[in-house]
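So the chains spell out like this:
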There are 2 protein chains.
Amino acid sequence: MKNLLVGQSGGPTAVINASLWGVLHEAALYPEQIGRVYGMRNGIEGFLKGHFIDLGASLDAGARERLKYTPGSFLGSCRFRLPEDLDAPVYQELLRLLEAQDIGYFLYIGGNDSMDTVCKLSAYAARTGSSIRFVGIPKTIDNDLVLTDHTPGFGSAAKFVATAVREIGIDASVYEAPSATIVEIMGRHAGWLTAASALARKFPGDNPALIYLPEIPFDQEAFLGRLQEVLAVRRNAVVCVSEGLRDRDGNFLCEYAASSSTDQFGHKQLSGCGRYLAQLVKERLGIKTRTVEFNVSQRCAAQEQSLTDLSEAIDAGAFGVRSAVAGKTGCMVTFSRNTPYSISYGLADVSLVCNQEKTVPREWISLDGSDVTPALASYILPLIQGSPSIPMKDGMPDFVYLQP
Amino acid sequence: MKNLLVGQSGGPTAVINASLWGVLHEAALYPEQIGRVYGMRNGIEGFLKGHFIDLGASLDAGARERLKYTPGSFLGSCRFRLPEDLDAPVYQELLRLLEAQDIGYFLYIGGNDSMDTVCKLSAYAARTGSSIRFVGIPKTIDNDLVLTDHTPGFGSAAKFVATAVREIGIDASVYEAPSATIVEIMGRHAGWLTAASALARKFPGDNPALIYLPEIPFDQEAFLGRLQEVLAVRRNAVVCVSEGLRDRDGNFLCEYAASSSTDQFGHKQLSGCGRYLAQLVKERLGIKTRTVEFNVSQRCAAQEQSLTDLSEAIDAGAFGVRSAVAGKTGCMVTFSRNTPYSISYGLADVSLVCNQEKTVPREWISLDGSDVTPALASYILPLIQGSPSIPMKDGMPDFVYLQP
């Protein structure tokens, strides 16, 4: 019997704790293989400082049930990249810490960077002959992991985006004066989440009128031309854009406005392409404009959780535990889609997943780059189905979270 | 028998169409007094251009039911102020148009400016001996109408704000690095909606850490001092601010940024007060900051509708019809609160309501102006209770709205 250690890493989602719940629930089904279940605080970074909790002791039955619906990373998160060189002392230190807690199963819920951690740790463990199994459980609202049909977290974020854009379209249409509302949606390199805004449409010609993904170089003049065509037909246009839009020279639109900074991974810190475009439209077309940035709400709004997404997030966590118990390591849980819609769970070699990025295929974007195709909307539609019943208390969602 | 004309005016809310539904439902109960029910398109401004629809013919039973849950102004809205001088020709023209459609009941769903319209029209009608009855049905997320305990639309907006702030607090707390998240909430002069963020707290010391309303002059240095105190206790602080914060000289904070920066088009950048404060904190305290602006979602998010608010919005519409049938005119529907919580509906002279503004009383704001008192939270709490079951289709809320 060995103990299990689970962590969460990278940006949170509305259902990342559902995967944690799946891990807890499944682990209890293996009393002969799994002893205690520990949770790293703030991922591998916190664990290196000795921060972890006994999840069995920390959550009573009621709290555990509410955890399933609570957005954000219950255990805390980190953005921490292990060194490329497996001879770096941090690996030896990590293995020592894992062995000190008698860990046999290491489950890490996260996106690209987190899978890089799983990849490196499993490679190091293999080299040292350690029997600890390292399994990745996918999570990202960006839906940009390869070798899986989609990722937990995306369906709920997509449902939030589609719902909010439908509401914004209604709100924008109440006045007679012509207007353009630019909605800026998360997605630096992959436009999956912005594409979900297409599901807001109820009839042909409904808003959003235009949708721009980062996969296609953005042409300002072509955009203004298309917008004028739209405004000739309808007074109030909603335009959905990915935060990571770039021009044909590769410059981010948000950098036109000058202020930009980089995070510790060297990623550009983006914000502002929506604002830039609203200003451009106001200037050139002389109409009223508004910018909406969904910001973190698109990854933490529990009211728009997709039941499908929530269930799959749970299943992904559970499948990760089963795989580790079965002796698998150095792998990530993957989704294959069946017809009619259901999911078969599988595993991929995590070294083939990490540091890759799945963008929207060209054939799912309209020829002129100002919209997505019906095939893309059909791909997303099953992922937003169903609404869980969120536990409520005093008119508010009754989430469970640790006091600081 | 006379016809009824109903309109919507001013900014939309999540439940303004519930009041419209209440008007439709109640009007059908008076077949001997009320003939057709017409809806002005885009309020009084559209009606002056001859734009109105026969609501009985426009909505089948299914659409009418879905209307109850649809945010935004189904009939369209306007921001139109009638002249002060009742001798202006527009009054004669309006009366002619009303008489041409054999209108006996004029119901206007709106806020301050809309009540001004009801006031002037009823005064003009009285002067000319017209028997048309003019009744106002209150609506505003700002909750700033006088002579009523609260206004329909506020409860749902408050529930949205409280829920989203709780989610943002969870999201902001996942990383170890200290941070401040500034959430900017609607409210130029009245802080009711920003105050609702206090309901996000689950335990003492929970986020939001600080709440600033426009009723109290904002002191930058005092704010930075309070924030440092907060950050000494908790890593991640959420600060909720009203968009209309002003300093002791009466200058809007959002204008500070405008005076210092210009955009790439050479225009003054009118950034929100949230952005200004985030930049200030980053500059002075050197920590990571983020700004969240709820924007129009706070007035159009159906998923966070309060069932209490929805029911009261319906009742307000119905009470308006009953009052008009009973011969009342020049009045607005008002709410009185009973203990335990329930609402008694009444009427106020609309001339005492329009162009007034109810702000948050000083005793409901903490002494140093950085929080609200428990009494204010207790006032808001009953207004966010219950969640209606929104009709869904294909994973999305099945709203009803007119094609452009």
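Residues numbered from 1 in each chain as written. Chains lettered and ligands numbered in written order. Predicted model: local features only at pLDDT ≥ 70, side-chain atom pairs only at ≥ 80, totals over all residues. Heavy atoms only, no water.

Concerning the overall build of chain A
Part 1 of the argument: Looking only at helices and strands, chain A features 14 helices and 15 strands.
Part 2 of the argument: For chain A, the C-alpha radius of gyration of 22 Å lies close to 22 Å, the compact-globule estimate for 404 residues.
Part 3 of the argument: Based on the C-alpha atoms only, the size of chain A along its principal axes is roughly 70 × 45 × 45 Å.
Part 4 of the argument: Relative to its full complement of 404 residues, chain A shows a buried share of 63%.
Part 5 of the argument: Considering only residue pairs separated by 6 or more positions, chain A has 76% of its internal contacts joining residues 24 or more positions apart.
Part 6 of the argument: A total of about 14300 Å² of accessible surface is found on chain A, and carbon and sulfur atoms cover 49% of it.
Part 7 of the argument: Charged side chains in chain A number 37 positive and 44 negative. The centres of these two groups are separated by 2 Å. (Helix = DSSP H or I, 4+ residues; strand = E, 2+ residues; numbered from the N terminus. Rg over C-alpha atoms; globule rule 2.2 N^0.38 Å. Buried < 20%, exposed > 50% of the residue type's maximum accessible area, 1.4 Å probe, protein only. Contact = heavy atoms within 4.5 Å. Areas by Shrake-Rupley, 256 points an atom, 1.4 Å probe, with all protein chains shown as cover. Lys, Arg positive; Asp, Glu negative; His and termini not counted. Charge placed at Lys NZ, Arg CZ, Asp CG, Glu CD.)

Examining the domain arrangement of chain A
Residues and elements named next belong to chain A.
Part 1 of the argument: Taken as a whole, chain A is organised into domain 1 (2-142 + 302-356 + 387-397) and domain 2 (154-300).
Part 2 of the argument: Both sides together, the interface formed by domain 1 and domain 2 hides about 1500 Å², and carbon and sulfur atoms give 57% of it.
Part 3 of the argument: For the domain 1 face of the interface with domain 2, the top three residues by lost area are Ile141, Asp142 and Glu304, together amounting to 44%.
Part 4 of the argument: Along the contact surface separating domain 1 from domain 2 lie zero salt bridges.
Part 5 of the argument: The interface formed by domain 1 and domain 2 includes five residue pairs in polar contact (both at pLDDT 80 or more).
Part 6 of the argument: Residue composition of the side of domain 1 that touches domain 2, by class: seven nonpolar, six polar and six charged. (Domains from an automatic or database assignment. Buried area = accessible area lost by both parts, 1.4 Å probe. Salt bridge = Lys/Arg side-chain N within 4 Å of Asp/Glu carboxyl O. Polar contact = N/O pair within 3.5 Å; in protein donor to acceptor, adjacent residues only side chain to side chain. Nonpolar A, V, L, I, M, F, W, Y, C, P; charged D, E, K, R; others polar.)

What about the pattern of salt bridges?
Oppositely charged side chains are able to pair whenever their charged atoms sit close together.
Residue and element names in this part refer to chain A.
Part 1 of the argument: Summed over all chains, the structure comprises 46 salt bridges over all chains.
Part 2 of the argument: The salt bridge partner of aspartate 398 is arginine 66, with a shortest N-O separation of 3.4 Å. Of this pair, aspartate 398 sits in the segment after β15 (396-397) while arginine 66 sits in helix α4 (residues 61-67), placing them 332 residues apart in sequence.
Part 3 of the argument: A salt bridge links arginine 127 to aspartate 87; its shortest N-O distance comes to 2.5 Å. Taken together, the positions of arginine 127 in helix α6 (residues 112-128) and aspartate 87 in the loop between α4 and α5 (89-100) put the pair 40 residues apart, joining distant regions of the chain.
Part 4 of the argument: One salt-bridge network, held together by shared partners, links Arg81, Glu84, Asp113, Asp116 and Lys120.

Quick notes on the sheet that holds strand β11 (residues 288-293) of chain A
All names here are of chain A.
Part 1 of the argument: Across the sheet, four strands lie side by side as β7-β8-β6-β11; this open sheet has parallel pairing. Every other strand in the sheet has two partners, leaving β7 (210-212) and β11 as the edge strands with one partner each. In this sheet, adjacent strand axes meet at a mean angle of 15 degrees when their direction is disregarded.
Part 2 of the argument: One ladder, built from three bridges, connects β7 with strand β8 (residues 236-242); its direction is parallel. The residue bridging leucine 210 from the neighbouring strand is valine 239, located in β8.
Part 3 of the argument: Contacts from helix α11 (residues 273-285) reach β6 (179-185), β8 and β11 within the one sheet, and its direction differs from that of β11 by about 175 degrees. (Pairing = 2+ DSSP bridges. Axes fitted to C-alpha atoms, helices over the stretch in contact; angles between N-to-C directions.)

Thoughts on the interface of chain B and chain A
Part 1 of the argument: Listed by partner, the interface residues are 67 residues for chain B and 69 residues for chain A.
Part 2 of the argument: Both faces combined, the contact of chain B with chain A buries some 5800 Å², and carbon together with sulfur accounts for 53% of it.
Part 3 of the argument: Per-residue buried area on chain B facing chain A is highest for Tyr175, Met396 and Tyr401 of chain B; these three make up 12% of the total on that side.
Part 4 of the argument: Linking chain B with chain A are eight salt bridges, by the criterion used here.
Part 5 of the argument: Here lysine 202 of chain B ties to aspartate 398 of chain A by a salt bridge, and the two come within 3.0 Å at their closest N and O atoms.
Part 6 of the argument: Counting every contact that joins chain B to chain A gives 36 residue pairs in polar contact (both at pLDDT 80 or more).
Part 7 of the argument: Listed by contribution, the elements that provide at least two residues to the side of chain B that touches chain A are α7 (154-172), β9 (288-293), α12 (297-300) and β13 (396-397) of chain B.

Let's talk about the packing of α5 of chain A against α6 of chain A
When two helices pack together, their arrangement is given by the angle between the helix axes and the distance between those axes.
Residue and element names in this part refer to chain A.
Part 1 of the argument: For the pair α5 and α6, interaxial distance at closest approach is 11 Å and the crossing angle is 80 degrees. Regarding the angle of α5 to α6, the classification is roughly perpendicular. When α5 is examined against α6, the residues Tyr91, Gln92, Leu94 and Leu95 are found in contact with a partner set consisting of Lys120, Leu121, Tyr124 and Thr128.
Part 2 of the argument: Classifying every residue of the contact of α5 with α6 by side-chain character gives five nonpolar, two polar and one charged. (Parallel < 35°, antiparallel > 145°, perpendicular 65-115°, else oblique.)

Remarks on empty space enclosed by the protein
Part 1 of the argument: Enumeration over the complete set of coordinates arrives at three cavities of 30 Å³ or more.
Part 2 of the argument: Here the largest cavity is characterised by a volume of approximately 170 Å³.
Part 3 of the argument: Along the wall of the largest cavity there are 19 residues; nearest its centre are Phe160 and Ser297 of chain A together with Phe160, Ala164 and Ser297 of chain B.
Part 4 of the argument: Of all elements in the fold, only α7 (154-172) and β11 of chain A together with α7 and β9 of chain B reach the threshold of two or more residues within the lining of the largest cavity.
Part 5 of the argument: It is α7 of chain B that provides the largest number of residues to the lining of the largest cavity, a total of four residues.
Part 6 of the argument: By residue class, the composition of the lining of the largest cavity is 10 nonpolar, three polar and six charged.
Part 7 of the argument: By volume, the second largest cavity is sized at about 40 Å³.
Part 8 of the argument: Thr13, Ala14, Ile141, Gly153, Ser156, Ala157, Phe160, Ser297, Gln298, Arg299, Cys300 and Ala301 of chain A are the residues that line the second largest cavity.
Part 9 of the argument: Mapped onto the lining of the second largest cavity, the elements with two or more residues apiece are α7 and α12 (297-300) of chain A. (1 Å grid on protein atoms, 1.4 Å probe; cavity = no way out; pocket = protein on both sides within 12 Å on 5 of 7 lines; lining within 4 Å. Points joined across faces, edges and corners; volume = space filled by probe spheres on them.)

Describing the relation of the copies chain B and chain A
Part 1 of the argument: Here chain B sits on chain A after a turn of 180 degrees about the axis and a move of 0.0 Å along it, with an RMSD of 0.1 Å. Expressed as an axis order, the relation between the two copies is that of a two-fold axis. (Least-squares fit on C-alpha atoms with pLDDT ≥ 70 in both.)

A look at the pairing of strand β1 (residues 2-8) of chain A
Residue and element names in this part refer to chain A.
Part 1 of the argument: β1 sits mainly inside the fold: six of its seven residues count as buried.
Part 2 of the argument: In the sheet, β1 pairs with strand β2 (residues 34-40) via four bridges, with the strands oriented parallel. Each residue of the ladder has a partner; that of lysine 2, found in β2, is isoleucine 34.
Part 3 of the argument: On the question of chirality, the crossover connecting β1 to the parallel β2 by way of helix α1 (residues 16-27) is right-handed.
Part 4 of the argument: Bridge count for β1 against strand β4 (residues 103-110) is six bridges, and the pairing is parallel. Residue pairing across strands places glutamine 8 opposite isoleucine 109, the latter belonging to β4. (Right-handed = clockwise from strand over helix to strand, strands pointing away.)

Here we look at the environment of aspartate 149 of chain B
All names here are of chain B.
Part 1 of the argument: If you trace the backbone, aspartate 149 turns up in the loop between β5 (133-138) and α7.
Part 2 of the argument: Of the residues examined, aspartate 149 reaches a relative accessible area of 19% and is grouped as buried.
Part 3 of the argument: With 80 residues separating them along the chain, aspartate 149 and tyrosine 69 place their C-alpha atoms 23 Å apart.
Part 4 of the argument: Beyond its immediate sequence surroundings of up to four residues, aspartate 149 is in contact with Phe335, Arg337, Lys358 and Tyr379.
Part 5 of the argument: Within the structure, aspartate 149 has its side chain in polar contact with the side chain of histidine 150 (distance 2.7 Å).

Overview of helix α13 (residues 307-325) of chain A
Residue and element names in this part refer to chain A.
Part 1 of the argument: Here α13 contains 19 residues, and its C-alpha end-to-end distance of 27 Å stays within 8% of the 27 Å for a straight helix at 1.5 Å per residue.
Part 2 of the argument: Backbone nitrogen of threonine 308 and a side-chain oxygen of the N-cap are separated by 3.2 Å at the start of α13; the cap is serine 306.
Part 3 of the argument: Residue glycine 327 follows α13 closely and has a positive phi angle near 95 degrees. (Expected span 1.5 Å × (residues − 1).)

Brief notes about the sheet that holds strand β11 (residues 342-349) of chain B
Residue and element names in this part refer to chain B.
Part 1 of the argument: An order of β3-β2-β1-β4-β5-β10-β11 is seen for the seven strands of this open sheet, with the pairing classed as mixed. Of all strands in the sheet, those bounded by a partner on one side alone are β3 (52-54) and β11. Here the average twist between neighbouring strands, direction ignored, is 30 degrees.
Part 2 of the argument: Note that strand β10 (residues 331-338) and β11 share eight bridges and pair antiparallel. By the bridge assignment for β11, arginine 337 is matched with isoleucine 343.

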